[in-house]
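# Analysis of the macromolecular model
Here is how the chains run, residue by residue.
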Amino acid sequence: MAVLLRGLRAGRTLRGLGSVLAAPSATNPTCSSLRRGFHCAALRLRDESKTHKPSSSSSSSSSSSSTTYHEHYQAHSADQDAAGASRDEPAAEEAARPNTSYQDQSGEQGEEYETEEQLQARILSAALEFVPMHGWSMEAVAAGAETLGLSSASTGMFYNGAGDLVLHFIAQCNAQLTEILAEQHNQVQLGQAEPKKTADFLRDAVETRLRMYTPYIETWPQAMSIVLLPHNIPDSLKHLSTLVDDMWYYAGDRSTDMNWYTKRAALTGIYNTTELVMVQDSSPDFLDTWSFLDNRIQDVVNMAGTAKQVQSTGEAMVQGLVGAAVTLKNLSGMNQKR
Amino acid sequence: MAASVKLLVRRVIRLSHRNIFAAAAGVSGRSGCCWAPSSCRCFSDAAGDRSTHFGFETVPEAEKAKRVYQVFENVAQKYDVMNDAMSLGVHRLWKDALLHVMHPQPGARLLDVAGGTGDIALRFLEYVRTQQDRQKRRAALSGQTPSWQDVSNNYSTEDEQESRESRAVVCDINKEMLKVGKEKADGLDIRAGLSWVVGDAEELPFDDDQFDIYTIAFGIRNVTHIDQALQEALRVLKPGGRFMCLEFSKVTNPVLARLYEAYSFQMIPVLGEVIAGDWKSYQYLVESIRKFPDQEEFKCMIEDAGFYCVQYYNLTGGVVALHSGFKL
């Protein structure tokens, strides 16, 4: 398990966060420590490679077609302006369409180009508000596409179906958490906040992260089952490992020995079990879940303390035994030379 | 700035690759001239009289449409029977695969161009109706004890349901084929949500941004100007709409290719003569398959027309290719 995490971590720093796009790309953390600096370089490489559109996207064709996308974008934006004026929209959709419709964006010339991945990310983000109604399914994605002014047929772009939606949401939550933790870190650095103890910090981080699921908690079991499908497991494991790694990093972990693995394994276990408890928790504001979380973190802290105690007790016992043996030897007179 | 320059360079490289590929393909193609209609047009434009291919023949462009019309007028009555005989019933699987990949959502509007006897449109309506039934069943199961709030909500959404009925429009240039299709639909008693329109794929009689899905199954190789048909497809699709094309293509496996060639040129015209009494039409059919660009070439044509996320799936080892693109 730890070896797997290590391998995924290595793959991540080398390749960057490949296929699933985390929405806010401006979250490049300030590179202070050396290891974080390496991570920053990987992130910058990822951003650069995003504009070059590597073939890590689902179809190799999209890499070649997206080059023409940029050329066509300027030509077509003029066409779409004219087309948008004469478009016949049903009345219901008109009312539901927010200002971020696709037509509006294309009308603004001189704005940044939008890649296909960005458009897909926008569709998936828009689809999230329909999840309570339709579940984690293609119907939710179709409804999301319609709010952006796109036809429901554009859901054909998502070859992984509902898996795309769930993985996008998880990536989005992870990015939000990283932002929050970085912000807290900055506050501590500036001296505006007190640094928390490790156990409290982890507890708050896990709680913040799990609270992001509260709007979708009814349908979260469906999402968990989708994420456990064999073809989705590599991606979900990747997200989980980066999440746990981020939490420990901001908690101040700089270990370079076996502790690195044991700490992450422990936190992964805590996170997963708390998530499961949360899904079937019916107490107000998930109080039972948070008390469960408290107990688990306390267990881990106790275990660490107990391990140290066992070690020192063992040493003391050995010393005591050696002392008793020497005393017996003295008493029996074996030491005396006659 | 640097990014856009890089993209421009990549586009130039891609175009030059395609030109190299087209030239190489032209050299190794089955018949020397007219590998792609566009290159053929450039070649004969200088001569003043534009010509294109009709099977292995070369005919003036104006004449091709007329001759294709005649071919399909002749075969219309026996079209479905011949399809089953020639493909040994496999064409049904190909069309089912098209629907499966399409996975239409309820409320989608389909335009089936060169739809002729309406195979795709009928399958589309059935697929959407099954999906809607499944959704209703799921809703009924989950809402066994609805609250008063839910009941009143259901009453208000019922009106919206009416406007979310999916519709299919079958468009064909040939009245005979449409007649046969209409008779078939009437025989199956399917009238709601289906309409039959006469129209030319290069000049569709529809407004812009009308349809969610545009399909053309085994029809685009008969079109004189394929790029114009693709432009029209782009025009009538809504933003986010999907273009799907099912067409005979190049077989990748060499052993299968030999068998396929033998079968096409020896068996199919004979079947045509025996079952439909028309050798020449089916000779045209197999020849037009050979003249059509292969998977990659056609994918480039679709991208040039302005579609994104273009992908193709090979069915039956490349005998048939399903191309899909999005208007974004």
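It should be noted that the structure appears before, not after, this text.
This report concerns the structure included in the present document.

## Let's talk about the sheet that holds strand 3 (residues 109-113) of chain B
Residue and element names in this part refer to chain B. Reading across from one edge, 5-4-3-6-7-9-8 is the order of the 7 strands in this open sheet, with mixed pairing throughout. Edge strands, defined here as strands with exactly one partner in the open sheet, are strand 5 (194-198) and strand 8 (308-315). Averaged over all adjacent pairs, the angle separating strand axes in this sheet is 15°, with direction ignored. Pairing geometry for strand 4 (residues 167-172) and strand 5, over 5 bridges, is parallel. Within the sheet, the bridge partner assigned to Val170 lies in strand 5 and is Trp196.

## Observations regarding the nonpolar core
Residues and elements named next belong to chain A. Core analysis: the largest hydrophobic core is formed by 61 residues, its most contacted members being Ile123, Trp136, Leu165, Tyr213, Trp220 and Met247. By residue number, the principal contributor to this core is helix 9 (residues 162-189), which donates 9 residues. Look past the residues within four positions of Met247 in its chain and what remains in contact with it is Leu177, Leu181, Phe201, Leu202, Ala205, Val206, Leu267 and Tyr271.

## Here's the deal with the pairing of strand 1 (residues 51-54) of chain B
Residue and element names in this part refer to chain B. The two faces of strand 1 match: Ser51 and His53 on one face and Thr52 and Phe54 on the other face are all buried. Pairing geometry for strand 1 and strand 2 (residues 57-60), over 4 bridges, is antiparallel. In the sheet register, His53 faces strand 2, and the bridge partner there is Thr58. Between strand 1 and strand 2, which follow one another and run antiparallel, lie 2 residues, and Gly55 among them has a positive phi close to 65°.

## A word on unusual backbone geometry
Unlike most non-glycine residues, Asp285 of chain A shows phi in positive territory, near 55°. Assignment of secondary structure puts Asp285 of chain A in the loop between helix 13 (258-279) and helix 14 (287-331). Within the chain, Ala114 of chain B stands out as a residue other than glycine whose phi angle is a positive 50°. You can see Ala114 of chain B is positioned in the loop between strand 3 and helix 6 (119-142).

## Things to note about the pairing of strand 7 (residues 237-248) of chain B
A regular strand carries its side chains on alternate faces of the sheet. Residue and element names in this part refer to chain B. For strand 7, the tally of buried residues reaches 11 of 12 residues, placing the bulk of the element in the interior. Across 6 bridges, strand 6 (residues 211-217) lies against strand 7 in parallel orientation. Bridge assignment links Ala217 to a residue of strand 7, and that residue is Leu246. Remark: the strand 6/helix 9 (residues 226-236)/strand 7 crossover connection has right-handed handedness. As defined by bridge partners, strand 7 adjoins strand 9 (residues 320-326) across 7 bridges and the pair is classed as antiparallel. Note that in strand 9 the partner of Cys245 across the bridge is His323.

## Here we look at the environment of Thr219 of chain A
All names here are of chain A. Residue position: Thr219 is located in the loop between helix 10 (198-211) and helix 11 (220-227). For Thr219, a relative accessible area of 13% corresponds to the buried category. Residues Thr219 and His134 lie 85 residues apart in sequence; the distance between their C-alpha atoms is 9.2 Å. When residues no more than four places from it in sequence are discounted, the contact partners of Thr219 are Val131, Gly135 and Trp136.

## Thoughts on the packing of helix 10 of chain A against helix 12 (residues 233-251) of chain A
Residue and element names in this part refer to chain A. Closest axis-to-axis distance for the helix 10/helix 12 pair is 10 Å, and the angle between their directions is 145°. The element helix 10 and its partner helix 12 pack so that their crossing is right-handed. Every residue of helix 12 that contacts helix 10 at Thr198, Phe201, Leu202, Ala205, Val206 and Arg209 is listed here: Leu243, Met247, Trp248, Tyr250 and Ala251. Its residues placed into classes, the contact of helix 10 with helix 12 shows 9 nonpolar, 1 polar and 1 charged.

Thresholds applied
Residues numbered from 1 in each chain as written. Chains lettered and ligands numbered in written order. Predicted model: local features only at pLDDT ≥ 70, side-chain atom pairs only at ≥ 80, totals over all residues. Heavy atoms only, no water. Pairing = 2+ DSSP bridges. Helix = DSSP H or I, 4+ residues; strand = E, 2+ residues; numbered from the N terminus. Axes fitted to C-alpha atoms, helices over the stretch in contact; angles between N-to-C directions. Core = buried A, V, L, I, M, F, W, Y, C linked by side-chain atoms within 4.5 Å. Buried < 20%, exposed > 50% of the residue type's maximum accessible area, 1.4 Å probe, protein only. Contact = heavy atoms within 4.5 Å. Right-handed = clockwise from strand over helix to strand, strands pointing away. Left-handed = near helix turned anticlockwise from the far one by under 90°. Nonpolar A, V, L, I, M, F, W, Y, C, P; charged D, E, K, R; others polar.

On their own, these measurements won't tell you what the molecule is for.
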